[in-house]
Every structure is written in structure tokens, then in C-alpha cells.
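Residue-level structure breakdown
One-letter residues, chain by chain:
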Amino acid sequence: GKNIENENEKYVNTLFEKLKKLSDMDDVLDFRHRFMIKDTIDLRDNYWEPRIKKTKAMTKDEFRKQMEKEEREAAMRSLSGRRRTTTYSYSQGTTMKKKSNKPADEWMSQSSRRGGKGAQDVRQSEKGGRKMQRKVMNTGRPKVEVTRSNAFGGLAMGPSSPPKESAPNSSASKVPAKSSEPKKEKLTAEQAEKKIKALLGEYLDARDFQEVISCIEELGSEEHYGKIVSTAIMLSVEKKGGEKPMGDVLVKLVNSDKVNIKKPAVESGYLKILKDVEDLALDYPRILQTMGTTYGRLLDGGSIDLSLLDNPVFEPLKQYGDAAKFVIGMLQAIKASKGDSGLVSWYKDSKFDLKKFMRPRNNSREGTIEFIKDRHKDLIALESVIE
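Residues numbered from 1 in each chain as written. Predicted model: local features only at pLDDT ≥ 70, side-chain atom pairs only at ≥ 80, totals over all residues. Heavy atoms only, no water.

1. A look at the packing of aromatic side chains
Going by this rule: Pairing of aromatic rings covers Phe, Tyr and the six-membered ring of Trp, with a centre-to-centre limit of 6.5 Å; geometry is then stacked below 30 degrees between planes, edge-to-face above 60, and tilted otherwise. Numbered from the N terminus, helices here are DSSP runs of H or I no shorter than four residues, and strands are runs of E no shorter than two.
This model, assessed by the stated rule, comprises nine aromatic pairs. Between Tyr-270 and Tyr-295, the ring centres sit 5.2 Å apart and the planes meet at 75 degrees, which makes this aromatic pair edge-to-face. Taken together, the residues span a long stretch of sequence, with Tyr-270 in helix H12 (residues 263-274) and Tyr-295 in helix H14 (residues 287-300) at a distance of 25 residues. Relative to Phe-326, the ring of Tyr-295 has its centre 5.8 Å away and its plane inclined at 50 degrees; by these criteria the two rings are tilted. Of this pair, Tyr-295 sits in helix H14 while Phe-326 sits in helix H15 (residues 322-350), and the two are 31 residues apart along the sequence.

Structural data, given as C-alpha cells:
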């Protein structure tokens, strides 16, 4: 992209204008392809440099060499700083200056440096000031202490002089200080989408849940929580090995005290994908089972209930057995947590009916049991409770 833009920038500008329009057309492109286009637009906006660069792990030898190099550089900076820096020490009414390459201090006139009296010294004597006193500090090196008693002595005291405190009845103290912190602007939907995808992508690499919490708090609004759910689901099928970590982060977010993603946000995120799931299934055949597995984990934690399964969006999915894939994934997640006996107890207590989600030819008790025996023998324990 960078090379093409260098050769024909006008063509690339026209192309990306069309891509930007396409990325906002929900009815033309599915969720996945719109994300891919937006990633390409972001890449160009960042001068064709990826925002998240994967770092390669260093060996112990490489790490040791890097630390030695940094220590050497720090030592060189410290050494060169000592050579250039002139240090000052301030005390009450005195100024002490170490020997440096600079000329004598600014308070002494040229005549004073040669041993005679300068104009400033004459003014001192005329105003009744005490003579400049020279002492040798008992610190191993000769230093000069200069004492001044006139009005200019305050300047010699340097930055350590305590500032004058304002009077208690001063009018300035009554004026409240204005806050210098700028007000946070509300993020647009596009900005929030970029931030959500970036923070979940970083979680896949670093598994730092506290960083996810901090980034979500920066979003500043719960209206983006549904987008967090839908983005996590898409990453669980797009990224290799992403199903478990994305499921983990959703379970943690739903049960978090700081960022509590409630049931309406979870259902909103699921419904957004279920509306396009038939198209998405062409690229990701296991998307429905993956969604069901994550939903089962959330259901097992008690954070949500089965109300999502009553949504009309499931009706067209029953025709070809797609709804059954979602439900099978959900039941497998519950079994992984509770075991066979726990799954059977949950099925009875929740009054769940697996037959409702089977395709027409299997929506009887015999057809459902036959389906389980043929394709999902791990759920054979349900045979005794399917009515």
C-alpha cells in the first residue's frame, strides 16, 4: 500500500474514499469484512505502520547484553553531566559556589576580581553595609562565603529563600483555583470501536485484565458494552486460539465489580452477530458452536439467563440445524463445568427443551436422541431427561 501510494496518490485517495463508504454499509458487507476494511483504513492513517507490533522474546544472553549496554550508557551520561554541571549551595544570607570553568560570579565587578574596589563595593560602603567576608569552609576544599546585609542580599539567597506568605485576609486567597483539567469529550461510535478492538487484541497477547478494565473505564459510557461483547466474539473465531481467552475476558467482565457488563449488553452483542451469522458461517463454520460455548460459560456463572434463546432471530436458524449448533455448544460448556450429573440437574431445573432447537426432521424425542448419539455422544447423559 505504501509503495502504491507513493506512485499514484490520487488513485489511492479515490480508492480509500470508496472503502470508507463501504465500511459503514451494514446491509452490504458482513461484520468481518467491514472490520477488515476499517483495519486497512487505520493502517493507512498511521502511515502504513501497524499500531500493535509483536515483540519477540529475548534469550537470557540477549537480555544480559542489553542491560549491560544500558548501564554503560547511563554511566556515560552521568559522567558527562558531572563534568558540565556547576553546583550551587544556598544557605541563609550566603552563596557558595564550587570551582568551575565559568568566570567569577556575577555579583563581583571587574575591579573587585582584580583585588580593588568596584562601583558596587563603593555603594555597599556608602550605604553602611558590612564588608564582604571570606571564609574557608571546613569541607576539604576551599569555598567562598559571601554575606550581604543590604537589600540585594535577598537575591543572593537563590531559590531556597522561603517565599513571603500572603496575609491571611488577602483577597487573592478567597478566589478559588480554576481546574486546569480539560473536560473529556465523549467518544464517537467509530472511536470506541477502534479502542475496543485494540484493547481486546492486546489482551490476546498480554492477558492483562487490569489493563482491559482501565481501557473500558476510559470509554466513559455503558452504551459501548454491547460492542465489547460482539467484538470479543468475533475475535474468538477470527484469531487462532482466541476462543478461550475471549471467553475468559467476557466471564470476568460480566462478574467484575468495576466494569459490570449486564445482561442487556450481552444480549445486544450476541444479537448483532446472530443477525449476520449465516454469512459469517461461510468463513467461520464453527462460529455458532463457539458462540454457544461462551454463552454457556456466562450462563453457568449465573450472570445471564436463557431469555436470549426466545428471541425471534433463532427461528430461521432452526431450519437447517444452525440453532442446534449454538445450543449444543452451550450444553457442552455446562457439562465441562458441572459434569454429567450437574448437566442433567441443570437441564431438569431450567426446564430446558432441546427439541425446540432441532431441525424439523429431528424435533421429536427420538430424533433428538438419535442426533445426540450420532454426532454428540459426550451429551448422551441427557437421554434420560429429554421428554
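2. Brief notes about the packing of helix H8 (residues 189-206) against helix H9 (residues 209-219)
So the rule is basically this: Every axis in this analysis is a line fitted to C-alpha atoms, fitted for helices over the stretch in contact. Angles between the N-to-C directions lie between 0 and 180 degrees. Should an angle lie under 35 degrees it is considered roughly parallel, over 145 roughly antiparallel, and from 65 to 115 roughly perpendicular; all remaining angles are considered oblique. By definition, residues are in contact when any of their heavy atoms lie within 4.5 Å.
With their axes 9 Å apart at the nearest point, H8 and H9 run at an angle of 175 degrees to one another. Comparing their axes, H9 and H8 come out roughly antiparallel. Across the interface between the two elements, Ala-192, Lys-195, Ile-196, Leu-199, Glu-202 and Tyr-203 from H8 touch Phe-209, Glu-211, Val-212, Cys-215, Ile-216, Glu-218 and Leu-219 from H9.

3. Remarks on the nonpolar core
Filter applied, for reference: By convention a nonpolar core is built from buried Ala, Val, Leu, Ile, Met, Phe, Trp, Tyr and Cys residues, the set being connected through side-chain atoms within 4.5 Å. The rule is simple: take the accessible area with a 1.4 Å probe, protein chains only, and divide by the maximum for that residue type; under 20% is buried, over 50% is exposed, in between is partly exposed.
Leu-253, Ile-261, Tyr-270, Met-330, Leu-331 and Phe-352 are the most contacted members of the largest nonpolar core, which totals 74 residues. At twelve residues, the largest contribution of residues to this core is made by H15. When neighbours within four sequence positions are excluded, Tyr-270 is seen to be in contact with Val-229, Ile-233, Met-291, Thr-294, Tyr-295, Leu-298, Leu-308 and Phe-326. Phe-16, Ile-37, Ile-41 and Trp-48 belong to the second largest nonpolar core, which has five residues in total.

4. Brief notes about a negative patch on the surface
Here is the rule we go by: Any residue with relative accessible area above 30% and no salt bridge may belong to a patch, with like charges joined within 9 Å and the nonpolar Val, Leu, Ile, Met, Phe, Trp and Tyr side chains within 5 Å. We get accessible surface area from the Shrake-Rupley algorithm with a probe of 1.4 Å; when it comes to residues, only the shown protein chains can shield them. Here, a salt bridge means any Lys or Arg side-chain nitrogen found within 4 Å of an Asp or Glu carboxyl oxygen. Positive charge is attributed to Lys and Arg, negative charge to Asp and Glu, and no charge count is given to His or to the chain ends. For charged residues, the charge sits on one atom: NZ in Lys, CZ in Arg, CG in Asp, CD in Glu.
Taken together, the side chains of Glu-202, Asp-205, Asp-208 and Glu-211 present a region of like negative charge at the surface. With respect to the helices, strands and loops of the structure, Glu-202 is situated in helix H8.

5. What to know about unusual backbone geometry
The phi angle at Arg-207 is positive, at roughly 55 degrees, despite the residue not being glycine. Here Arg-207 is to be found in the loop between H8 and H9. Of note, Lys-351 is a non-glycine position whose phi angle comes to about 55 degrees, a positive value. Looking at the element boundaries, Lys-351 is found in the loop between H15 and helix H16 (365-375).

6. Quick word on the environment of Lys-195
Looking at the secondary structure, you find Lys-195 in helix H8. For the pair Lys-195 and Leu-219, spaced 24 residues apart in sequence, the C-alpha to C-alpha distance is 8.2 Å. Other than its neighbours up to four places away in sequence, Lys-195 contacts Leu-187, Cys-215, Glu-218 and Leu-219.

7. What to know about the side chain of Asn-362
By the secondary structure assignment, Asn-362 is in the loop between H15 and H16. The class for Asn-362 is buried, based on a relative accessible area of 14%. Setting aside anything within four residues of it in sequence, one finds Asn-362 in contact with Gly-367 and Thr-368.

8. Notes on the pattern of salt bridges
Throughout the structure, instances matching the rule amount to 17 salt bridges. Two residues, Glu-218 and Lys-195, come together in a salt bridge whose shortest N-O distance is 3.1 Å. Of the two residues, Glu-218 is situated in helix H9 and Lys-195 in helix H8; the sequence distance between them amounts to 23 residues. Here Glu-218 falls in the partly exposed class, since its relative accessible area comes to 46%. With a shortest N-O distance of 3.5 Å, Asp-340 and Lys-335 are connected by a salt bridge.

9. Digging into the packing of H14 against H15
Axis angle and axis distance: for two packed helices, these are the angle between their axes and the distance between the axes, and together they describe the pair. For the record, the criterion: In this scheme the handedness of a crossing depends on how the near helix is turned from the far one: anticlockwise by less than a right angle means left-handed, clockwise means right-handed.
One can describe the packing of H14 onto H15 by two numbers: an axis separation of 6 Å at closest approach and a directional angle of 35 degrees. Read as a crossing pair, H14 and H15 show a hand that is right-handed. Seen from H14, the contacting residues are Leu-288, Gln-289, Met-291, Gly-292, Thr-293, Tyr-295, Gly-296, Arg-297, Leu-299 and Asp-300; seen from H15, they are Asp-322, Lys-325, Phe-326, Gly-329, Met-330, Gln-332, Ala-333, Ile-334, Ser-337, Lys-338 and Trp-346.

10. Some points on helix H10 (residues 225-238)
Definition in use: The length a helix should cover is 1.5 Å for every residue beyond the first.
Between the first and last C-alpha of H10 there are 20 Å, a value that for 14 residues agrees with the 20 Å anticipated at 1.5 Å per step. A large share of H10 lies buried, amounting to twelve of its 14 residues. Of the positions making up H10, those classed as buried are Tyr-225, Gly-226, Ile-228, Val-229, Ser-230, Thr-231, Ala-232, Ile-233, Met-234, Leu-235, Ser-236 and Val-237.

11. So, a nonpolar patch on the surface
Judged by side-chain polarity, Ile-4, Tyr-11 and Leu-15 come together as a nonpolar surface patch covering roughly 290 Å² of accessible area. Checked against the element boundaries, Ile-4 lands in helix H1 (residues 2-7). Taking relative accessible area as the criterion, Ile-4 reaches 45% and is therefore assigned partly exposed.

So, to be careful, I would describe these as geometric facts and stop short of saying anything about function.
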